[in-house]
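Each chain, letter by letter, is given below.
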Amino acid sequence: YPQTFERRDGLCYIGGISIKDLVQKYYTPLYIVCAQTVKSRVESFKESFKKYLPFESRIAFAGKSLCVTGFLKKLKELDTWLDVVSGGELYTAIKAGFDMKRIYFHGNNKSFEELEFAIKSNVGYIVVDGFSEIEKIRELSKKYNYIPCMIRISPGIEAHTHEFIKTGKIDSKFGFPIGEDAIKAVKELSSIDSVKFKGIHAHIGSQIFDSKPYVELVNVMFDFANKLNNEGFTLENINFGGGFGIAYTEEDYPLSIEEFVKDISLEIVKNMKKYSMKDLAFTVEPGRSIAGPSGITVYRVGSIKKINGFVPYVAVDGGMADNPRYALYKAKYHAELDEKTEIFQEVKIVGRFCESGDMLIEKIMLPEVNVGDLLLVFATGAYNYSMASNYNRFGRPAMVMVEDGKDTLIVRRETYEDIVSHDM
Ligand code: LLP
């Protein structure tokens, strides 16, 4: 649940505002973001690092999980760094007034134009992902005399998560395989006049529940950093990526943010000593663990279908276009009715899009549902709006941020006119 979510006198509140009132104002489906939760999760990363790591640490929010101007403005207020993966995300960050020096620009196939846009915008780091990208940078170095680069390496670490969101294997489309290739990449990059080599990055996957793969990653990265030092390269930053898991349902038991940070930090401290290194800053790139629990989606039930002998279908006014995560990963979610709490019957929650895979929750116990009821789906702040589509020509829902009894519309609902606006 978002931190400010509560039930009072038969009504649900978030950020001090009743969900009924929000729906009256903005209709359904509606994404709601609790700013207090965003804040406390960012603080939790920061304070834990302060407690366990006696070196500079940076929290770079992974924009891919939720990249809209209003949300990035909030993160800017909270003094985070930012990870972007496209010209579009970078443009959004500029619109939000983000400090460009605090940006990591990622991507396994950045276009020449995107790289130039990033260099011109003075982003803090371009995280170079492959030899083809080095060639693009070589070309750009004729025009620009300062290009700060890191390299992404694939560390050969398997995290236990869905196949589609694992990224740390050697056989991966991301990064340079750790070893000879990665060293060659650093040598090639450093030989380009305008390039300033700054450090190394890795990301092992997403929705990871325990710290073991991170502890392994820290050791692998330090071992590699040491090799680079021995070759005469200095580093100013090691970035361990994101991936910290969250609880979507009662079955999920991820470590807390503090536990993740503690285990990573202790391992960093050990390695700093072991290799007598100093003057290094450390970065993590959480997306889901900051945005995910901050968000809920409110839908209205529009149709109920009872087929003899089968679990009833409860259809809501959204679905796979605003939350494709069941369709993509069989992801599980928790949901509740706005007005009732006691558990009553088993139902399936489906969407209104034209395919049978359009499901939000395969099986859940709910109180008796009626057409017109409001259904709340929890932990939808990350990878919902950011992966939303206009399938079946539905407009994307609105998004409202709530805090201390105030609601701010940060994304307006798409209209029919929006939907045809690109058609020539
Ligand atoms: N850094 C890099 C380089 C990444 O590739 C990612 C996620 C992150 C940070 C942030 O990971 P997080 O802390 O959010 O787990 N669409 C999928 C998730 C894909 C994640 C891709 N990379 C989903 O809905 O589960």
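Residues numbered from 1 in each chain as written. Predicted model: local features only at pLDDT ≥ 70, side-chain atom pairs only at ≥ 80, totals over all residues.

Note the following rule: UniProt positions are given in the numbering used here, feature names are shortened, and annotations may be inferred rather than shown by experiment.
Under an unreviewed UniProt entry, the name given to the protein chain is Diaminopimelate decarboxylase, and the organism recorded is Thermodesulfobium acidiphilum. Taken from UniProt, the Function (unreviewed entry) comment for the protein chain reads in full: "Specifically catalyzes the decarboxylation of meso-diaminopimelate (meso-DAP) to L-lysine." What the UniProt record of the protein chain gives under Catalytic activity (unreviewed entry) is the line "meso-2,6-diaminopimelate + H(+) = L-lysine + CO2".

1. Regarding the domain arrangement of the protein chain
Worth spelling out the cut-off: Per the annotation, domain bounds derive from an automatic or database assignment of domains. Two residues qualify as being in contact provided that their C-beta atoms, derived from the backbone, are within 7 Å of each other. Helix and strand definitions follow DSSP, with helices as H or I runs of at least four residues and strands as E runs of at least two, each counted in order from the N terminus. In this classification, the charged set is Asp, Glu, Lys and Arg, the nonpolar set is Ala, Val, Leu, Ile, Met, Phe, Trp, Tyr, Cys and Pro, and all remaining amino acids, among them Gly, are polar.
Taken domain by domain, the protein chain holds domain 1 (6-34 + 292-420) and domain 2 (67-286). Of note, the centres of domain 1 and domain 2, computed from C-alpha atoms alone, are 33 Å apart. The interface of domain 1 with domain 2 comprises 16 residues on the first partner and ten residues on the second. Mapped by element, the contributors of at least two residues to the side of domain 1 that touches domain 2 are α11 (325-329), β20 (398-403) and β21 (406-411). Here the side of domain 1 that touches domain 2 gets three residues from one element, more than from any other, and that element is β21. Counted by class, the side of domain 1 that touches domain 2 contains eleven nonpolar, four polar and one charged residues.

2. Examining helix α3 (residues 69-77)
Put simply, the test is: Partly exposed residues are those whose C-beta has more than 12 but fewer than 20 other C-beta atoms within 10 Å; 20 or more makes a residue buried and 12 or fewer makes it exposed, with C-beta atoms placed from the backbone. The directions from the helix axis to the C-beta atoms are what the arc is built from.
Listing the buried residues of α3 in full gives Phe71, Leu72, Lys74 and Leu75. In a view along the axis of α3, the buried residues occupy a sector of 150°, so they form one face of it.

3. Brief notes about the sheet that holds strand β3 (residues 17-18)
In plain terms, the rule: Only strands that DSSP links by at least two bridges are regarded as paired with each other.
The strand order across the open sheet built from three strands is β1-β2-β3, with neighbouring strands paired in antiparallel fashion. Looking at strand neighbours, the two that pair on one side only are β1 (6-8) and β3, the edges of this open sheet. Direction of pairing for strand β2 (residues 11-14) relative to β3: antiparallel, over a ladder of two bridges. Residue pairing in the sheet places Tyr13 in a bridge with Ser18 of β3.

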